[in-house]
Every structure is written in C-alpha cells, then in structure tokens.
Amino acid sequence: MEMKATMKKTRDKVVAQSRAMREALAAAGVAALRTDPVLIIGAPGTGKTMLARVIHEEGCPYGPFVMVDCATLTPDVMNTMLYGDRVAHALGRFEMAEEGTLFLSGLENLNPLAQEHIARALETGRYTNHAGDRRAFACRIIATADFAELENLQQAGLFNLDLLRMLSATSLRMPGLADRKEDIPALSVYILDELATREKIERPTVPYHYMDLLTKVTWQENARQLRNHLESVMVLSEGRFDPEVILEHFVTEESPATIKSALQALWRKVFGESRTPVTVGTKA
C-alpha cells in the first residue's frame with residue numbers, strides 16, 4: 001500500500017480541472033505503459049518536469065529517476081557525465097539510470113557532440129560503463145524541450161534528426177496557462193498552501209476579485225510566473241492580498257500591459273472611482 005501511494009505522489013499534486021491538463025495526464029498514463037522514449041514539448045514554466053515524473057513513477061516506480069540538465073553536457077565533461085570515470089570509480093548517467101529513467105531536461109541546449117553520443121547509444125542499444133565494459137541500454141529516456149527553440153534548431157540544421165526521431169517515438173504536449181485557465185484558482189491555492197507550509201504560517205485567504213484577476217491576466221512564463229507572482233505578493237504584503245499592496249510592491253513598468261490594466265480595473269471595482277489608483281511601477 002505504501003508503494004502504491006508513492007507511485008501516485010506526483011499525479012496527486014497535479015491540478016487538472018481543465019480539459020487540456022486532463023488530456024495531458026491521460027497521455028502520460030498511456031506513455032508510462034510503454035518503454036519507448038518520450039519527448040515532452042511545451043513553453044518554459046509549464047511543468048514539463050512534473051509530467052516526466054508522472055510517467056516515470058507510473059512506468060518504472062522501483063527504478064531511479066536520473067536528471068541531466070542538457071546545458072551541462074559540455075564537450076569537456078560529457079564523457080564523464082554520460083559514461084562515468086574509471087579512476088574515480090564514478091558511475092555515468094547511463095549506468096545510474098539502469099532499470100529507471102534517464103531524464104534529459106532542456107533538449108534544445110544539447111550540444112552537437114552530446115547529440116551524437118546519445119543518438120549512437122539509442123541506435124545501438126549499448127553504451128560503455130565507467131569500468132570500460134559494453135552494456136545493454138537498460139533505461140527509458142524522457143526528454144523535455146521548448147518546442148519553438150527546438151524547431152528553430154532543426155530548421156537551421158543544428159539538431160541531429162536521427163536523435164530527434166528516436167526521442168519523439170512518443171510525443172506529448174504540456175499546455176500553458178493560456179490553455180488551462182480553469183486550473184488557475186486551484187493551482188493558486190495549491191501554491192499558497194506550499195508557501196504557507198514552508199513559511200510555517202496559515203495559508204492567507206485570497207479575495208475573490210483578486211483570484212478572478214489571476215484568471216484574466218496573461219502569464220507569459222506560465223505556472224512558473226504565477227508561482228513567483230504569488231510568492232512575491234504573499235511575502236511583501238505579509239499575507240494581505242489587497243490591490244493597493246499589489247500595485248505598490250509588485251507591479252513594475254516591465255509588467256505585461258494586461259496585468260497593469262486588469263489591476264487598475266480591480267482597484268476601481270474594490271475602492272470605487274473616488275480614489276485614484278497608485279501609478280503602476282512607482283511607490284505610493
């Protein structure tokens with residue numbers, strides 16, 4: 001029973017009231033039943049890593065989840081990271097991930113040499129471990145990528161097409177907040193619960209008008225930006241979520257115009273036309 005709870009740990013954290021997110025979770029469940037590589041595409045901040053963990057936990061819950069930031073696989077450290085170090089008796093990521101998942105985060109950052117090495121391992125089904133022995137490839141691969149960046153590289157001829165073909169045997173799309181606005185209220189409450197637990201305080205109550213505002217603005221960096229916004233407002237206003245505090249302490253000149261205009265409208269709704277809103281981007 002305890003292992004079953006562990007398997008569902010990440011899925012239970014996912015807010016999926018929207019159709020787009022329910023479909024993404026359903027697709028992840030199907031992918032978990034297979035051993036093919038999985039490519040999860042989506043914009044930055046959408047939660048691609050979370051979906052990868054769902055697939056791992058439901059597909060190979062007893063194995064390790066070994067994460068590799070593709071930007072760190074530079075030519076000078078690539079061999080050590082992928083294959084290990086015989087002198088230091090250090091395992092490489094291929095070997096560490098055996099019977100589990102090798103997670104390649106940010107595929108668009110993978111340099112050409114690393115692309116070639118990983119493509120060769122996938123194509124031959126074998127790799128060289130830290131002791132110099134040839135071993136059968138014994139892990140599943142899940143990769144994530146910013147689709148726009150990856151497409152630009154592909155069109156410029158800067159990404160290994162064989163590797164892309166093999167990694168996208170199963171391809172999933174992680175929706176952005178614009179596609180799952182129905183999730184924003186529950187997601188905001190979940191984020192605030194986490195922040196309140198971390199700060200060891202009671203979760204602050206979010207006014208209805210403010211919650212309504214969160215569903216109307218454009219979150220260009222998706223769930224990551226929403227989390228950063230909520231954390232900033234909660235900390236700077238000591239748990240108070242009134243428009244005056246938000247305008248004074250959070251919104252800057254660089255904030256999207258949609259946030260500025262929505263906050264001005266919220267101010268007038270709460271305080272009426274008789275009070276002049278604080279100028280966005282300045283102190284009161």
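Residues numbered from 1 in each chain as written. Predicted model: local features only at pLDDT ≥ 70, side-chain atom pairs only at ≥ 80, totals over all residues. Heavy atoms only, no water.

A. Broad picture of the overall build of the chain. Scanning the chain from N- to C-terminus turns up 14 helices and nine strands. Here the chain, with 284 residues, has 46% of them falling under the buried criterion. Expressed as a percentage of contacts within the chain between residues at least 6 apart in sequence, the contacts between residues at least 24 apart total 74%. Summed over all atoms, the accessible surface of the chain reaches about 14,600 Å², with 52% contributed by carbon and sulfur. (Helix = DSSP H or I, 4+ residues; strand = E, 2+ residues; numbered from the N terminus. Buried < 20%, exposed > 50% of the residue type's maximum accessible area, 1.4 Å probe, protein only. Contact = heavy atoms within 4.5 Å. Areas by Shrake-Rupley, 256 points an atom, 1.4 Å probe, with all protein chains shown as cover.)

B. Looking closely at the packing of helix α3 (residues 19-32) against helix α4 (residues 48-59). Closest axis-to-axis distance for the α3/α4 pair is 8 Å, and the angle between their directions is 40°. Accordingly, the angle class assigned to the pair α3 and α4 is oblique. Seen from above, α3 lies across α4 with right-handed handedness. Across the interface between the two elements, Met 21, Ala 24, Leu 25, Ala 28, Gly 29, Ala 31 and Ala 32 of α3 pack against Met 50, Leu 51, Val 54, Ile 55, Glu 58 and Gly 59 of α4. Taken together, the residues that form the contact of α3 with α4 break down as ten nonpolar, two polar and one charged. (Axes fitted to C-alpha atoms, helices over the stretch in contact; angles between N-to-C directions. Parallel < 35°, antiparallel > 145°, perpendicular 65-115°, else oblique. Left-handed = near helix turned anticlockwise from the far one by under 90°. Nonpolar A, V, L, I, M, F, W, Y, C, P; charged D, E, K, R; others polar.)

C. Geometry of the nonpolar core. Counting residues in hydrophobic clusters, the biggest one holds 33 residues, and the most contacted among them are Leu 73, Phe 94, Leu 102, Leu 104, Leu 107 and Ile 118. At the level of elements, β1 (38-41), β2 (65-69), α5 (78-83), β5 (101-105), α7 (112-124), β8 (140-145) and α9 (161-167) are the ones that each hand at least two residues to this core. Residue contributions to this core peak at five residues, all from α7. Apart from residues lying up to four places away in sequence, Leu 104 is in contact with Val 68, Cys 70, Ile 118, Ile 141, Ile 142, Ala 143 and Thr 144. Counting residues in each nonpolar core, the second largest holds 19 residues, with Val 15, Leu 192, Leu 195 and Leu 214 among its members. (Core = buried A, V, L, I, M, F, W, Y, C linked by side-chain atoms within 4.5 Å.)

D. Here's a closer look at the sheet that holds β8. Taking strand neighbours across the sheet as the criterion, the five strands line up as β2-β5-β8-β1-β9 in an open arrangement whose pairing is parallel. Since the sheet does not close on itself, it has two edges, and those belong to β2 and β9 (170-173), each with one partner. Mean inter-strand twist for the sheet, computed between neighbouring axes without regard to direction, equals 20°. Bridging between β2 and β5 involves five bridges; their strand directions are parallel. The residue bridging Met 67 from the neighbouring strand is Phe 103, located in β5. Strand contacts of α4: β1, β2, β5, β8 and β9, with the helix running at about 165° to β8, the strand carrying the most contacts. (Pairing = 2+ DSSP bridges.)

E. Representation of the side chain of Ser 18 in the model. One can find Ser 18 in the loop between α2 (9-13) and α3. Polar side-chain contacts of Ser 18 include one of 3.2 Å to the backbone nitrogen of Met 21. Of note is the side chain of Ser 18, whose polar atom sits 2.7 Å from the side chain of Asp 183. Those residues within four positions of Ser 18 in sequence are excluded, and the remaining contacts are Arg 180, Glu 182 and Asp 183. (Polar contact = N/O pair within 3.5 Å; in protein donor to acceptor, adjacent residues only side chain to side chain.)

F. Inspection of the confidence of the model for the chain at higher detail. Looking at the chain, pLDDT values average 84 and 81% of them are 70 or higher. This stretch, residues 1-7, has a pLDDT under 50; its non-local contacts, to residues over four places away or in other chains, come to five contacts. Note on residues 274-284: pLDDT under 50 across the span, and 25 contacts to partners over four residues away in sequence or across chains. (pLDDT = per-residue confidence, 0-100.)

G. Structural detail: the pattern of salt bridges. Scanning the entire structure with this criterion turns up eleven salt bridges. With a closest N to O distance of 2.5 Å, Arg 34 and Asp 36 form a salt bridge. Among the residues examined, Asp 36 registers a relative accessible area of 24% and is labelled partly exposed. Ionic pairing is found between Arg 227 and Glu 194, a salt bridge with its closest N-O pair at 2.9 Å. (Salt bridge = Lys/Arg side-chain N within 4 Å of Asp/Glu carboxyl O.)

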